[in-house]
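Each chain is listed here by its residues.
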Amino acid sequence: MNRENDQRVCPVERAGSLDNSVRKFLQNPQQILKPYIHEGMTVLDLGCGPGVFSIEIAKLLGDSGKVIAADLQNGMLDKVKQKIKGTRLEQRIILHKCREESIDLKEKVDFVLAFYMVHEVPDQDKLFSELKSMLKPSGQLFIIEPKFHVSKKSFELMIDRIKSIGFEIKDRPNVFFSRTIVLTNS
C-alpha cells in the first residue's frame, strides 16, 4: 500500500473509535440494516473495519446466510477474526482481503454495505463498476458516508455517477450524522 492510501484509509490503530458503545447507540447496525437484510442472503460488508456491522449482519441473516467481511487491512480482518473465533458466527462470516486496486471477489452477492469508506477510494467509478458486476440482479448497494468528510454536493455528484452506470435509487434512510443512499442494481 502506498503512502497516499495509508493516509486515506482509517488506520487499524483507530479501530476502537469505530467499535464502541456510543457509536453502536447512535448508529445502531440492527436498526439501520433490518429493513434490507433477510435470512439466506449473501452480504458484502465492504471496508468492514473491526466488524461492528459484519457481526450484526450475520445475526440478521440467521443460519442460512453469510457475510463477506472485506477490508484492505489485515489488521482489521484480524480484529474480526478474534471477535468471532469459537462462536457460531465463525461459520457465517468469511474474511476477505481486498487488493489495493480491486475488491477481487468473484462471488455474486445480494447486498453490499459500504459504511464510511467510499470517500477513501481514489477511483470511485472503478469501485462502482466492480460492485455492479458483483451484485445479483436487483441486488442492493447501501452507501453511508460521514457528513464531516463528504459534502452534500460531492455526495450528490457521486450519486449521479452511480446512476450513470445503471443503479437506481431505492431509498434514502436517515442515519445519524451521515449521508445515505440505497441503490438497486438494474
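Everything that follows concerns the structure shown earlier in this document.
Position labels on residues start from 1 in each chain and follow its written sequence. Only residues with pLDDT of at least 70 are given local features in this predicted model, and only at 80 or more are side-chain atom pairs given and counted; all residues enter the totals for whole chains, interfaces and linings. Side-chain measures here rest on the full set of heavy atoms in the structure, leaving out hydrogens and waters.

1. Structural notes on the overall build of the chain
Cut-off, in case you're wondering: Helix and strand labels come from DSSP, where a helix needs a run of H or I of at least four residues and a strand needs a run of E of at least two; each type is numbered from the N terminus. Note on classification: 1.4 Å probe, protein chains only; a residue is buried when its accessible area is under 20% of the maximum for its type, exposed when over 50%, partly exposed between these limits. Throughout, a residue-residue contact means that at least one pair of heavy atoms, one from each residue, lies within 4.5 Å. The protein chains shown are the only cover counted for residues, whose accessible areas, like all others here, come from Shrake-Rupley with a 1.4 Å probe.
The helix and strand inventory of the chain stands at 8 helices and 7 strands. Buried positions account for 52% of the 186 residues belonging to the chain. Of all intrachain contacts in the chain linking residues separated by at least 6 positions in sequence, the fraction that spans at least 24 positions is 74%. On the chain, roughly 9500 Å² of surface is accessible, and the fraction owed to carbon and sulfur atoms is 50%.

2. A look at the packing of aromatic side chains
Applicable threshold: Working definition: rings of Phe, Tyr and Trp (its six-membered ring) pair if their centres are within 6.5 Å, and the pair is stacked with planes under 30 degrees apart, edge-to-face with planes over 60 apart, and tilted otherwise. Charge-over-ring placement is defined geometrically: NZ (Lys) or CZ (Arg) within 6 Å of the ring centre, and within 35 degrees of the ring normal.
For the structure shown, the criterion picks out 8 aromatic pairs. Between phenylalanine 111 and phenylalanine 142, the ring centres sit 6.5 Å apart and the planes meet at 85 degrees, which makes this aromatic pair edge-to-face. Taken as a pair, phenylalanine 111 in strand β4 (residues 109-115) and phenylalanine 142 in strand β5 (residues 135-146) lie far apart in primary sequence, 31 residues in all. Note on phenylalanine 142: relative accessible area 0%, which makes it buried. Of the aromatic side chains, those joined through ring pairs into one cluster are Phe53, Phe115, Tyr116, Phe148, Phe176 and Phe177. Above the face of the phenylalanine 167 ring, lysine 132 is positioned so that its terminal group lies 5.3 Å from the ring centre.

3. Let's talk about the nonpolar core
Burial of nonpolar side chains together is a common tendency in soluble globular proteins. The following threshold applies: To qualify as a nonpolar core, a set must consist of buried Ala, Val, Leu, Ile, Met, Phe, Trp, Tyr and Cys residues joined through side-chain atoms within 4.5 Å.
Membership of the largest hydrophobic core comes to 30 residues, with the highest contact counts inside it found for Leu44, Leu46, Leu131 and Ile143. Of all the secondary structure elements, the ones that give two or more residues to this core are β1 (42-46), β2 (66-71), β4, α7 (124-134), β5, α8 (152-164) and β7 (178-185). Those residues in contact with leucine 44 that lie beyond four places of it in its chain are Ile68, Ala70, Leu105, Val109, Phe111, Val112, Leu113, Leu131 and Met134. Membership of the second largest hydrophobic core comes to 29 residues, among which are Cys48, Leu61, Phe111 and Val182.

4. Re helix α6 (residues 74-84)
Residues that lie three or four places apart on an α-helix share one face, since the helix turns once every 3.6 residues. Rules: Working definition: the arc comes from the directions between the helix axis and the C-beta atoms, pointing outward to the latter.
For α6, the set of buried residues is Met76, Leu77, Val80 and Ile84. Buried residues of α6 fall within an arc of 100 degrees about the axis and therefore sit on the same side. Just beyond α6, the residue with positive phi is glycine 86, at close to 80 degrees.

5. Some points on the environment of serine 178
Using the following cut-off: Each polar contact in these results corresponds to two N or O atoms within 3.5 Å; when the atoms are within protein, one needs to be able to donate a hydrogen and the other to accept it, and residues that are neighboring in sequence are counted only if both atoms are side-chain atoms.
Here serine 178 lies in strand β7. Since its relative accessible area comes to 9%, serine 178 is described here as buried. Along the primary structure serine 178 and glutamate 145 are separated by 33 residues, whereas in three dimensions their C-alpha atoms are 5.5 Å apart. Those residues in contact with serine 178 that sit more than four places away from it in its chain are Gln27, Tyr116, Ile144, Glu145 and Lys147. Within the structure, the side chain of serine 178 is placed 2.9 Å from the backbone oxygen of phenylalanine 176, a separation counted as a polar contact.

6. Details of the sheet that holds β5
What links the strands of a sheet is backbone hydrogen bonding, and the strands pair in either a parallel or an antiparallel sense. In plain terms, the rule: Two strands are said to pair when DSSP picks up at least two bridges between them. Helix axes are fitted to C-alpha atoms over the stretch in contact, other axes to C-alpha atoms as well, and angles between N-to-C directions run from 0 to 180 degrees.
Taken in spatial order, the 7 strands line up as β3-β2-β1-β4-β5-β7-β6 in an open sheet, and their pairing is mixed. Only two strands of the sheet have a single partner each, and these edge strands are β3 (93-97) and β6 (167-171). On average, adjacent strands in this sheet sit at an angle of 25 degrees to one another, irrespective of strand direction. Summarising the sheet, β2 and β3 pair through 5 bridges and their orientation is parallel. Paired with alanine 69 across the two strands is leucine 95, which belongs to β3. Along the sheet face, α6 touches β2 and β3 and points at about 165 degrees away from the line of β3. Sitting on the sheet, α8 is in contact with β5, β6 and β7, with an inclination near 5 degrees to β7.

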